[in-house]
Amino acid sequence: MVSDHSDFTGSIVALITPMDSAGRIDKAGLKKLVDYHIASGTSAIVSVGTTGECATLSHDEHVEVVLRTLEVADGRIPVIAGTGANATAEAISLTQRFENTGVVGCLSVTPYYNRPSQEGLYLHYKAIAENTDLPQILYNVPSRTGCDLLPPTVARLAKLKNIVAIKEATGNLSRVSQIQEWVNDENFILLSGDDVSFVDFMKLGGRGVISVTANVAAAEMARICKLADQGEFLQARSLNSQLMELHHQLFVEPSPTPAKWACRQLGLITDDTLRLPMIPLTQEGQVSVGKALKMAGLL
């Protein structure tokens, strides 16, 4: 499947990585999830992004899950590989591993913990882009990484031919216009990384969302994105209001803990195992997420 960058619009799920009770990758469970998203109208899958627990998978497991996702997708839905790392050489190596595999692009989170300068961020992404032909999606989530990819730096990076989009997860809607003013390229795609504000993000010019909520409300998120893309924002907001409590509660404890538990309640996975240092959803969290699922009409 060759990308024309339309693969990077709409409701894109930040897919969880299912594991069995022993913490091993659940390959059968992964197929079930992929089939669910295809049936639900999800636009694309991000495989082993941060929600896919890239931080606790080995390099070999990371590659295995992406390739398995591609295999079971079988060209029916675009697959984007998560390839971010806090070492540039590692991010390049991981990106190159997915060349000529069928992946339509890569999502690369800003280096975490290092807290690089804006020049460091520019050189990091520039080095990745120069060492692959795969389209690259920048991923800015300062609340998790400790560094913020600012609009002037995004504009510099957008000039590189295979940096085609950004997942902007600050939740700050003013970033949309700021990036638009700096980038000044209508072909550069802005994606929300914040389920709570994504409809307003799209009204300001965003083209979709890379979503945690889509793990459990795939058809609903796809419908809302389609309405927003058609300019039907009143209806999109109305439908999204039914999911608003779920958007919030899926982050009541560190992600993807609530999302995995919710997927298990809906029968999408058989076990909600995580790897340490992530731990299962607390009883209090289960009550909160359970209520949100019911409010959304999913339970």
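- The protein carries the name 4-hydroxy-tetrahydrodipicolinate synthase in an unreviewed UniProt entry, which gives Xenorhabdus beddingii as its organism.
- In its Subunit (unreviewed entry) section, the UniProt record describing the protein reads: "Homotetramer; dimer of dimers."
- The heading Sequence similarities (unreviewed entry) in the UniProt record of the protein holds the text "Belongs to the DapA family."

Things to note about the UniProt feature "site: L-lysine inhibitor binding" (unreviewed entry) in the protein
- The residues that UniProt annotates with the feature "site: L-lysine inhibitor binding" (unreviewed entry) are Ala55, Asn86, Glu90 and Tyr112. Considering the C-alpha atoms alone, the annotated residues occupy 58 residues of sequence yet fold into one spot, their largest mutual distance being 13.0 Å.
- Structurally, Ala55 can be placed in the loop between β2 (44-47) and α2 (59-73).
- Mapped onto the fold, Glu90 is located in helix α3 (residues 88-97).
- According to the relative accessible area criterion, Glu90 is partly exposed, its value standing at 37%.

Things to note about unusual backbone geometry
- In this model, Ser255 is joined to Pro256 through a cis peptide bond whose omega is 10 degrees.
- Despite not being glycine, Asn184 shows a phi value in the positive range, around 50 degrees.
- Within the secondary structure layout, Asn184 lies in the loop between α7 (174-183) and β7 (189-192).

Digging into the nonpolar core
- Within the largest apolar cluster, 57 residues are counted, with the highest numbers of intra-cluster contacts made by Phe98, Phe198, Val216, Leu246, Leu250, Val289 and Leu293.
- The set of elements that each furnish at least two residues to this core consists of α1 (27-40), α2, β3 (79-82), α8 (198-203), α9 (218-229), α10 (233-241), α12 (257-265) and α13 (283-295).
- Residues Leu121, Val154, Ala155 and Phe188 belong to the second largest nonpolar core, which totals 25 residues.

Quick word on the UniProt feature "site: Part of a proton relay during catalysis" (unreviewed entry) in the protein
- Here the UniProt feature "site: Part of a proton relay during catalysis" (unreviewed entry) sits at Thr50 and Tyr113. Look at the named residues: they lie 64 residues apart in sequence, but the longest C-alpha span between them is just 14.4 Å, so in the fold they bunch up.
- One can find Thr50 in the loop between β2 and α2.
- Using a relative accessible area of 35% as the deciding quantity, one classes Thr50 as partly exposed.
- Along the chain, the position of Tyr113 falls in the loop between β4 (105-109) and α4 (118-130).

Focus: the side chain of Thr110
- Mapping Thr110 onto the fold places it in the loop between β4 and α4.
- Here Thr145 takes part through its side chain, which lies 3.3 Å from a polar atom of the side chain of Thr110.
- Excluding residues that lie within four positions of it along the chain, Thr110 makes contacts with Leu121, Tyr125, Tyr139, Asn140, Thr145, Cys147 and Leu149.

Here's the deal with α10
- Residues of α10 that are buried: Phe233, Ala236 and Asn240. The buried residues of α10 occupy one face: seen down the axis, they fall within an arc of 60 degrees.
- Packing partners of the buried residues in α10 comprise α8, α9 and α11 (244-249).

Observations concerning the pairing of strand β8 (residues 208-211)
- Judged by which residues are buried, β8 turns out to be covered on both faces: Gly208 and Ile210 on one side and Val209 and Ser211 on the other are all buried.
- Sheet analysis places strand β1 (residues 10-14) next to β8, joined by four bridges and oriented parallel. Across the sheet, the residue bridging to Ser11 is Val209, located in β8.
- Sheet topology note: the β7/β8 ladder contains two bridges and is parallel. Opposite Leu191, over in β8, you have Gly208 as the bridge partner.

Overview of the packing of α9 against α10
- Interhelical geometry of α9 versus α10 gives an angle of 160 degrees and a closest axis separation of 8 Å. Overall, the two elements α9 and α10 adopt an arrangement that is roughly antiparallel. Relative to α10, the crossing made by α9 is left-handed. The residues of α10 that touch α9, namely those facing Arg223, Ile224, Leu227 and Ala228, are Phe233, Gln235, Ala236, Leu239 and Asn240.
- Looking at the contact of α9 with α10, its residues break down into six nonpolar, two polar and one charged.

What counts as what
Residues numbered from 1 in each chain as written. Predicted model: local features only at pLDDT ≥ 70, side-chain atom pairs only at ≥ 80, totals over all residues. Heavy atoms only, no water. UniProt positions renumbered as here; feature names shortened; annotations may be inferred. Helix = DSSP H or I, 4+ residues; strand = E, 2+ residues; numbered from the N terminus. Buried < 20%, exposed > 50% of the residue type's maximum accessible area, 1.4 Å probe, protein only. Core = buried A, V, L, I, M, F, W, Y, C linked by side-chain atoms within 4.5 Å. Polar contact = N/O pair within 3.5 Å; in protein donor to acceptor, adjacent residues only side chain to side chain. Contact = heavy atoms within 4.5 Å. Arc of directions from axis to C-beta. Pairing = 2+ DSSP bridges. Axes fitted to C-alpha atoms, helices over the stretch in contact; angles between N-to-C directions. Parallel < 35°, antiparallel > 145°, perpendicular 65-115°, else oblique. Left-handed = near helix turned anticlockwise from the far one by under 90°. Nonpolar A, V, L, I, M, F, W, Y, C, P; charged D, E, K, R; others polar.

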